[in-house]
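# Fold and geometry: a report
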Amino acid sequence: DIQMTQSPSSLSASVGDRVTITCRASQSISTYLNWYQQQKPGKAPKLLIYGASSLQSGVPSRFSGSESGTDYTLTISSLQPEDFATYYCQQNYNTPYTFGQGTKLEIK
Amino acid sequence: EVQLLESGGGLAQPGGSLRLSCAASGFTFSDYVMTWVRQAPGKGLEWVSTISHSGGSTYYADSVKGRFTISRDNSKNTLYLQMSSLRAEDTAIYYCAKDTSWGIFDHWGQGTLVTVSS
């Protein structure tokens, strides 16, 4: 199975900050990498980025994704109050599809 | 508007069974792969199972293989997850998700809670 390792596991930031979350795959996944936002546990996740860098329709442009080898990055350019949530990466290179452990973004 | 509405969750005893349903609307259900993802209390997301458009191909996580069966009824726009031989570690919120391209989950239901306990 492909292991997805996210860092950091938690992050404190302020409104207006630029933040970066990283996800490392245990093997090459050829940009088959997606990012999701979950506002709180028990609420439905929301697709933000697919294919490592494609912005899902309706998602604000302050969200972006990039790739460097087996490392994938989600960047939020200027944090808004509604962005404080938990973020998950997920590979869809093959089954079993696997998620990172999550990064909880909290207000400083 | 895409809507996915799960039902069928509840309390089950270890070794018991439950069947989850996911009623879909707002899109042509038979055109899309569908998936179940779960989230144990306080934990992250875990992929459970995926089914092809026609239902002819199914895929399972090792943790549920042989115990869970995914199926769909395209005439009823409904996805199912038959769960048997339930274990305490199956306790989770189960989400159904519309799968836009084999592993890209672009719409999710609100989830249904399954609790396995004696």
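Presented here is a report on the structure given in the accompanying data block. These numbers come from a predicted model, not from an experiment. (Residues numbered from 1 in each chain as written. Chains lettered and ligands numbered in written order. Predicted model: local features only at pLDDT ≥ 70, side-chain atom pairs only at ≥ 80, totals over all residues. Heavy atoms only, no water.)

## Comments concerning the state of the cysteines
This is how the line gets drawn: The definition used for a disulfide is geometric: two cysteine sulfur atoms within 2.5 Å. Strands are runs of DSSP state E lasting at least 2 residues, helices are runs of H or I lasting at least 4, and numbering of each runs from the N terminus. Accessibility here uses a 1.4 Å probe with only protein chains present; expressed as a share of the type maximum, an area under 20% marks a residue as buried, one over 50% as exposed, and anything in between as partly exposed.
Overall, the coordinates contain two disulfides over all chains when judged by the stated rule. Note on cysteine connectivity: A:Cys23 is disulfide-linked to A:Cys89, with sulfurs 2.0 Å apart. Here the disulfide of A:Cys23 and A:Cys89 is right-handed, its torsion about the S-S bond being about 60 degrees. Taken together, the residues A:Cys23 in strand β3 (residues 19-25) and A:Cys89 in strand β9 (residues 86-91) connect sequence positions 66 residues apart. Per residue, the accessibility class of A:Cys23 equals that of A:Cys89, and both read buried. Through a disulfide, B:Cys22 is tied to B:Cys96; the S-S separation comes to 2.0 Å. Classification of the bridge connecting B:Cys22 and B:Cys96 rests on its S-S torsion, roughly 45 degrees, and on that basis the disulfide is right-handed. Of the two residues, B:Cys22 is situated in strand β3 (residues 18-25) and B:Cys96 in strand β9 (residues 92-99); the sequence distance between them amounts to 74 residues. Its relative accessible area of 0% is what places B:Cys22 among the buried residues. Given the relative accessible area of 0%, B:Cys96 is considered buried.

## Considering the sheet that holds strand β1 (residues 4-7) of chain A
All names here are of chain A. Let me state the cut-off plainly: The pairing criterion for strands is at least two bridges between them, as found by DSSP. To get an axis, fit a line to the C-alpha atoms, keeping to the stretch in contact for a helix; angles then go from 0 to 180 degrees between the N-to-C directions.
Strand order in the open sheet made by the four strands is β1-β3-β8-β7, with antiparallel pairing throughout. The open sheet is flanked by β1 and β7 (63-68), the only strands paired with a single partner. The average undirected angle you get between the axes of adjacent strands in this sheet is 20 degrees.

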